[in-house]
Amino acid sequence: MGSQGGFNQSKEFLDLVKSIGETRSKSEEDRIILNEIETLKRRINDPDIPKRKMKEYIIRLVYIEMLGHDASFGYIHAVKMTHDDSLLVKRTGYLAVTLFLNEDHDLIILIVNTIQKDLKSDNFLVVCAALNACCKLINEETVPAVIQQVVELLGHQKEAVRKKAVMALHSFHQRSPASVNHLVLNFRKKLSDNDPGVMGATLCPLYDLIAVDVTPYKDLVASFVNILKQVAERRLPKTYDYHSTPAPFIQIKLLKILALLGSGDKKSSEQMYTVIGDILRKSDTASNIGNAIIFECICCISSIQPSPKLLESAADAIAKFLKSDSHNLKYMGIDALGRLIRISPEIAEQHQLAVIDCLEDPDDTLKRKTFELLYKMTKSSNVEVIVDRMIDYMISINDSHYKTETASRCVELAEQFAPSNHWFIQTMNKVFQHAGDLVNPKVAHNLMRLIAEGFGEDDDAADSQLRSSAVESYLKIVDDPKLPSVFLQVICWVLGEYGTADGKYSASYISGKLCDVAEAHSGDDAVKAYAVTALMKVYCFEKAAGRKTSLLPECQSLLEELSASHSTDLQQRAYEFQAILNLDANAIENIMPLDASCEDIEIDKTLSFLDNYVQTALEQGAEPYISENERSGTLNISNITNRSPYEHPTHSLRFEAYEVPKPVVPTKLPPADTYPTELVPVSVPESSYQPTLSSGPDVGSGSGSNELRLRLDGVQKKWGKPAYSSSSSSSVSNFDSRTTAVNGATQSDHVTAKSRELRQPAVDVSEEKQKLAASLFGGKTGKPERKQSGSAVAHSKASRTTNHGEDKVQQPTTVTTAVQSPPPDLLDLGEPTGAVNSYSSVADPFKQLEGLLDLSQDGNAGTTSSSGPDLMALYSEPSGQNQKDNMNSAPNPSNHAASLSKGPNLKDALDKDALVRQMGVNPTSQNPNLFSDLLG
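Residues numbered from 1 in each chain as written. Predicted model: local features only at pLDDT ≥ 70, side-chain atom pairs only at ≥ 80, totals over all residues. Heavy atoms only, no water.

1. A few points about the overall build of the protein chain
Move 1: For the protein chain, the helix and strand inventory stands at 38 helices and four strands.
Move 2: When burial is assessed residue by residue, the protein chain has 44% of its 936 residues classed as buried.
Move 3: When contacts within the protein chain are restricted to residue pairs at least 6 apart in sequence, long-range pairs at least 24 apart make up 70% of them.
Move 4: In the form shown here, the protein chain has an accessible surface area of approximately 50,300 Å², with 52% of it arising from carbon and sulfur atoms. (Helix = DSSP H or I, 4+ residues; strand = E, 2+ residues; numbered from the N terminus. Buried < 20%, exposed > 50% of the residue type's maximum accessible area, 1.4 Å probe, protein only. Contact = heavy atoms within 4.5 Å. Areas by Shrake-Rupley, 256 points an atom, 1.4 Å probe, with all protein chains shown as cover.)

Right, here's the structure in full:
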């Protein structure tokens, strides 16, 4: 074949394939392919290439693409081959195009016309090639161009064409369901096609449609059952057999469809019982395909309404799988058993020894599948054995994905079926130690909640014993250097809350341990935050109890370090610690009550206790609160839509003077649209402009409040942050903010009698394995199963809601009782919107600019000028006496901040600079006093 060029290919191409197969490295293969690409680039552009040669070149391009290299330079030649009249060349072109291109490629538009023409061809091979291209290349936009022709081909005389037409419609439905919804009836008709291949192809789109909505296809149950019965009775031609099994893939697809149709439908399920039982009995267990059909039958039985006879047959089939020496069959058996125990839990007890063997099998995949089975069959009587086994397995694996999954399952089982709180705590400690930070943080808060709530039976002695045991266990492992961050947070919280509660350990000992934790994990801010808060609790509890306390040197150094930390949260905690220690015992007892982590903290969202303070401030002339959307410049759409088109635009420049505003004392927030807008830029929304009523002269100006000025308090700021924030406060719940409420729920878990005798193993079973099997399967529960966490007894303490907000990394611990002024924003160039604060004495550059635009020089505060602005007044010498008089006659004495401004008057400086320049002297400094000798 090599010498003559087998399959009509040249020796050159066969040598290429042989050389690639003999390469020993990827680099050598790449070198050969790159040489081939250069060769094809030279040859493929030759206009006189014979069709046979061009076909070979396209096949070589396909080979290059299959090896992962780029052959896009030849795509257009493959598209041209689809236009050829030769059948062999055309089919080669279609094959290459379907491998090269995808549905979104730019060259698809060149193929649609060719596909339309070939779908009408008299040669059914050409039609089949075009339908193959439709399945791969026709996208949602081009479906309407060919769908009508494809529907017509459903009635073609050739079964191959009808089959491929069904496949093309299926692909159209996957890409654009709306374009094929009206053709669902055609799928129903093709289900009764004379050719089994067309019928089998129709099952695929019907399965997708039934998976979306079962109801419209309930009437087809009898048809599917009849087809499955005919297939199982070998009424199909021998050509559909696979390893002596009649049409196994059609059987599997029919069983999947019946499982969907029979789910929750007893009437439909009853029609399937007979045919499913026959298939279970007749299937060949000696071949893999026969076992696949049996497994699909078990899946179908577990989905439809259960039948006792079918469940027994399925249990026998599972027993054969589990007794097999093949790991694949054991895996199938464990999977099938996991599906059936949801319907009949006692089936698992029949195969307990086989499950134990799979659990101890060295095959890791089989072991994981067995743990999934144990996870499904866990109850309060066997939870300890199963969780211990799962933890041992979790320790032995290194895969982080499976380790995380196993840890989450251990936590879930422990929360649902924990026999005691002590066992739950010890189990969580093991999970935290060995799974590290892979554990969900919610688990840590559940553990803290359990320790805080206790047993929930108003048994203070039992609760104290629980907390003491938790403190002792954590003190033993707190020095471990490899503890995860989440676990360290739990340890710090428990030691701070209950470390000195029973009097066994002194405050100095507990605080020393907490300081060691903060020092050992200096790079973890969350751990240090929990440690500092725990230290604060320890010293507060001691001082509230009247015992003498003194900070340890290491604690003092830790506070000094955190006071200068880059983390604002750590700084806040350190300063709060130092401030609280300076209070008296009664105040500390109210701030840090002992064992009050489960108490609710209610916060007045409306801050009603500040009403009197706010009203007094408003009466004294303070400005009302402006909402955040008005400060941020949110556009009021309603104002724009309701405005008349003939109304004078508010954003245009106005040169006439405004009327003197009447001084009023605002007692409530004025509406945003009642103030006139002055010199508002075009880009500023109307609703965001809020002019301020000024009753005194500005800094650096000599005019009164009635003068025309540049108003900038409505201009949207480009830099800096809003002066205030309107974030609403919410009720703080220390545990409820991070964890979900746990409700206790109980249900009986008594194992019913076995339906039939257990099969005895043929070989001797060790005593240890028998005990393990008895603990997993044979034990009857004496305690009710718990459907929530081990602390699900919180219903007896309904008035106590878990709350640990003080240990959050960022959460305020006290509610302020006075309104504090925000710090100044260095980049905030606008006028303040609130009352005058301590920063009002700072010179405002915009107000100074207003002084420079002073247009009236008469000095009378009570008159306005109606004439146009005199621009030359900027160069006139202002009267110092008038300015002084205006300053002294300010109507509002509260604006005395203007007199505190330092430095020369900038307006005078500008005037003097202008005069100096007229004299021919250019000043080199901004200080006009240097030219006092020239100006006199």
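2. Some remarks on the confidence of the model for the protein chain
Move 1: On average, residues of the protein chain score 74 in pLDDT, and 67% of them are at 70 or above.
Move 2: Per-residue pLDDT stays below 50 along residues 845–902; that stretch engages in 67 contacts with residues further than four places along the chain or on separate chains. (pLDDT = per-residue confidence, 0-100.)

3. Describing the packing of helix α26 (residues 507–520) against helix α28 (residues 553–563)
Move 1: Orientation of α26 relative to α28, taken along the N-to-C sense of each, is 40 degrees, at an axis distance of 9 Å. When the interaxial angle is binned, α26 and α28 end up oblique. For the element pair α26 and α28, the recorded crossing hand is left-handed. Counting all contacts with α26, which are made through Gly512, Cys515 and Ala518, the residues of α28 involved are Glu554, Cys555 and Leu558.
Move 2: In terms of residue class, the contact of α26 with α28 is made up of four nonpolar, one polar and one charged. (Axes fitted to C-alpha atoms, helices over the stretch in contact; angles between N-to-C directions. Parallel < 35°, antiparallel > 145°, perpendicular 65-115°, else oblique. Left-handed = near helix turned anticlockwise from the far one by under 90°. Nonpolar A, V, L, I, M, F, W, Y, C, P; charged D, E, K, R; others polar.)

4. With respect to empty space enclosed by the protein
Move 1: For the coordinates displayed, the defined rule picks out four cavities of 30 Å³ or more.
Move 2: Here the largest cavity defines a volume of roughly 110 Å³.
Move 3: Around the largest cavity, the lining residues are Arg368, Phe371, Glu372, Met390, Tyr393, Tyr402, Glu405, Thr406 and Arg409.
Move 4: Within the residue set of the lining of the largest cavity, elements represented by two or more residues are α19 (364–376), α20 (383–396) and α21 (400–417).
Move 5: Class assignment for the residues of the lining of the largest cavity results in four nonpolar, one polar and four charged. (1 Å grid on protein atoms, 1.4 Å probe; cavity = no way out; pocket = protein on both sides within 12 Å on 5 of 7 lines; lining within 4 Å. Points joined across faces, edges and corners; volume = space filled by probe spheres on them.)

5. Section: the packing of α21 against helix α22 (residues 421–435)
Move 1: At their nearest, the axes of α21 and α22 sit 10 Å apart, and the two run at 170 degrees to each other. Judged by the angle between their axes, α21 and α22 are roughly antiparallel. Facing Lys403, Ala407, Cys410, Val411, Ala414 and Glu415 of α21, the residues of α22 in contact are Trp423, Phe424, Thr427, Met428, Val431, His434 and Ala435.
Move 2: Here the contact of α21 with α22 is built from residues that sort into nine nonpolar, two polar and two charged.

6. Side note on the packing of aromatic side chains
Move 1: Scanning the entire structure with this criterion turns up nine aromatic pairs.
Move 2: Residues Tyr242 and Phe249 carry aromatic rings whose centres are separated by 5.8 Å and whose planes lie at 50 degrees to one another, so their mutual orientation is tilted.
Move 3: Judged by its relative accessible area of 38%, Tyr242 falls in the partly exposed class.
Move 4: For the pair Tyr505 and Tyr509, a centre-to-centre distance of 5.7 Å together with 15 degrees between the ring planes defines the contact as stacked.
Move 5: The exposure class assigned to Tyr509 is partly exposed, which follows from its relative accessible area of 37%.
Move 6: By way of ring pairs, the aromatic residues Phe432, Tyr474 and Phe487 are connected into one cluster.
Move 7: When the ring centre of Tyr207 is taken as origin, the NZ or CZ atom of Lys253, which lies over that ring, is 4.8 Å away. (Phe/Tyr/Trp six-rings, centres within 6.5 Å; stacked < 30°, edge-to-face > 60°. Lys NZ or Arg CZ within 6 Å of the ring centre and 35° of its normal.)

7. Looking at the pattern of salt bridges
Move 1: The full count for this structure, using the stated rule, is 29 salt bridges.
Move 2: The residue Arg188 makes a salt bridge to Asp219 at a minimum N-O spacing of 3.2 Å. Placement of Arg188 in helix α10 (residues 184–190) and of Asp219 in the loop between α11 (196–212) and α12 (221–232) is noted, with a sequence separation of 31 residues between them.
Move 3: In this structure Asp219 comes out as exposed when scored by relative accessible area, which is 51%.
Move 4: One network of salt bridges, with partners in common, ties together Glu12, Glu36, Arg43, Glu56 and Arg60. (Salt bridge = Lys/Arg side-chain N within 4 Å of Asp/Glu carboxyl O.)

8. Examining helix α9 (residues 159–175)
Move 1: Helix length check: α9 (17 residues) gives 25 Å between terminal C-alpha atoms against 24 Å at 1.5 Å per residue, within 8%.
Move 2: Looking only at α9, the buried set comprises Val161, Arg162, Ala165, Val166, Ala168, Leu169, His170, Ser171, Phe172 and His173.
Move 3: Where α9 is buried, its residues touch α7 (124–137), α8 (143–152), α10 and α11. (Expected span 1.5 Å × (residues − 1).)

9. Looking at the environment of Val89
Move 1: Residue placement: Val89 occurs in helix α5 (residues 87–100).
Move 2: Val89 gets classed as buried once you look at its relative accessible area, which sits at 8%.
Move 3: Separated by 11 residues in the primary sequence, Val89 and Ala78 place their C-alpha atoms 9.7 Å from one another.
Move 4: Discounting residues that sit within four places of it in the chain, Val89 has contacts with Lys51, Met81 and Asp84.

10. Quick word on unusual backbone geometry
Move 1: Phi at Arg234 takes a positive value of approximately 60 degrees, unusual for a residue other than glycine.
Move 2: As for its placement among the helices and strands, Arg234 is situated in the loop between α12 and β1 (241–242).
Move 3: The exposure class of Arg234 is partly exposed, given its relative accessible area of 46%.
Move 4: Non-glycine residue His243 carries a positive phi angle of around 55 degrees.

11. Observations concerning the environment of Asp569
Move 1: Considering the arrangement of structural elements, one finds Asp569 in helix α29 (residues 568–581).
Move 2: For Asp569, a relative accessible area of 5% puts it in the buried group.
Move 3: In this structure the C-alpha to C-alpha distance between Asp569 and Ala526, which are 43 residues apart in sequence, comes to 9.6 Å.

12. Concerning a nonpolar patch on the surface
Move 1: A surface patch of nonpolar side chains, amounting to about 260 Å² of accessible area, comprises Ile76, Ile109 and Leu110.
Move 2: Along the polypeptide, Ile76 turns up in helix α4 (residues 75–81). (Patch = residues over 30% accessible without salt bridge, like charges linked within 9 Å, V, L, I, M, F, W, Y side chains within 5 Å.)

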